[in-house]
Amino acid sequence: MTIQHIDVAYTAVATAENGRDGRVSTDDGALDVVVNPPKAMGGSGAGTNPEQLFAAGYSACFQGALGVVARQEKADITGSTVTASVSIGRTEAGGFGLEVAISASIPNVDTVTAQALVEKAHQVCPYSNATRGNIKVELSAG
């Protein structure tokens, strides 16, 4: 699904210096972090990395989408958490690609309801909509 037009409510602006081995900051100063490749990819691992930042953003956004769906379904998601695991690796074409695993813990509902809420949240979440059809995203709930 291609979005032809959206009614823009907010635009985040971030600037990177020196790519994966430098610094990333937002125009409002709320985020200003050192980025370094992880040790697993031959880097120092001293700072954060783009995959961690993506995982943080995706998990927060997905938790918000879960809240929207839970309100619609009148489900209690108190105490719930969402974890996003973002993996990077080589593609068959020789470049790099990402995979994501989203895991939600929703203690106040049964497993079937939790999975249904996660599936519905996946349809609402802007990160899910942006990645759908582009990268592998696995969902689990409990």
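Rules of the game
Residues numbered from 1 in each chain as written. Predicted model: local features only at pLDDT ≥ 70, side-chain atom pairs only at ≥ 80, totals over all residues. Heavy atoms only, no water. Helix = DSSP H or I, 4+ residues; strand = E, 2+ residues; numbered from the N terminus. Buried < 20%, exposed > 50% of the residue type's maximum accessible area, 1.4 Å probe, protein only. Contact = heavy atoms within 4.5 Å. Areas by Shrake-Rupley, 256 points an atom, 1.4 Å probe, with all protein chains shown as cover. Lys, Arg positive; Asp, Glu negative; His and termini not counted. Charge placed at Lys NZ, Arg CZ, Asp CG, Glu CD. Expected span 1.5 Å × (residues − 1). Polar contact = N/O pair within 3.5 Å; in protein donor to acceptor, adjacent residues only side chain to side chain. Axes fitted to C-alpha atoms, helices over the stretch in contact; angles between N-to-C directions. Parallel < 35°, antiparallel > 145°, perpendicular 65-115°, else oblique. Left-handed = near helix turned anticlockwise from the far one by under 90°. Pairing = 2+ DSSP bridges.

Looking at the overall build of the chain
Here is step 1: A tally of regular secondary structure across the chain gives 3 helices and 6 strands.
Here is step 2: In the chain, the succession of α and β elements from N to C terminus is β-β-β-α-β-β-α-α-β.
Here is step 3: Overall, the chain is about 45 × 35 × 30 Å in size when its C-alpha atoms are taken along their principal axes.
Here is step 4: The proportion of buried residues among the 142 residues of the chain is 30%.
Here is step 5: A separation threshold of at least 6 residues defines the contact pool for the chain, and within that pool the share at least 24 residues apart is 46%.
Here is step 6: Summed over all atoms, the accessible surface of the chain reaches about 8800 Å², with 53% contributed by carbon and sulfur.
Here is step 7: The average position of the 9 basic charges and that of the 14 acidic charges among the side chains of the chain differ by 3 Å.

Here we look at helix 1 (residues 50-73)
Here is step 1: Over its 24 residues, helix 1 extends 34 Å from the first C-alpha to the last, a length consistent with the 34 Å expected when each residue adds 1.5 Å.
Here is step 2: Every buried residue of helix 1 is listed here: E51, A55, G57, Y58, S59, C61, F62, A65, L66, G67, V69 and A70.
Here is step 3: On its buried side, helix 1 packs onto strand 4 (81-90), strand 5 (96-105), helix 2 (111-124), helix 3 (126-131) and strand 6 (136-141).
Here is step 4: By the N-cap criterion, in which a side-chain oxygen at the helix start approaches the backbone nitrogen of a residue two or three places on, helix 1 is capped by N49, the distance to E51 being 3.0 Å.
Here is step 5: One or two steps after helix 1, the chain reaches K74, where phi turns positive at roughly 55 degrees.

Section: the environment of G47
Here is step 1: Relative to the helices and strands, G47 is located in the loop between strand 3 (32-35) and helix 1.
Here is step 2: It is 7.9 Å that separates the C-alpha atoms of G47 and P37, two residues lying 10 residues apart in sequence.
Here is step 3: Filtering out sequence-adjacent residues up to four positions away, G47 remains in contact with V34, N36 and Q52.

Some points on the packing of helix 1 against helix 2
Here is step 1: In contact at an axis separation of 8 Å, helix 1 and helix 2 are set at 115 degrees when each is read in the N-to-C sense. Compared by their axis directions, helix 1 and helix 2 come out roughly perpendicular. Note on packing geometry: the crossing formed by helix 1 with helix 2 is right-handed. In contact with Y58, F62, A65, L66, V68, V69, A70 and E73 of helix 1, helix 2 contributes L117, V118, K120, A121, H122 and V124.

Overview of the pairing of strand 2 (residues 22-26)
Here is step 1: Where strand 1 (residues 14-17) lies against strand 2, 4 bridges are found, and the strand directions are antiparallel. Directly across from A16, in strand 2, lies its bridge partner V24.
Here is step 2: As consecutive antiparallel partners, strand 1 and strand 2 are separated by 4 residues, and within that stretch N18 has a phi angle of approximately 65 degrees, a positive value.
Here is step 3: Two strands pair when backbone bridges link them, and strand 2 and strand 3 are joined in this way by 4 bridges, in the antiparallel orientation. Across the sheet, residue R23 finds its bridge partner in strand 3, namely V34.

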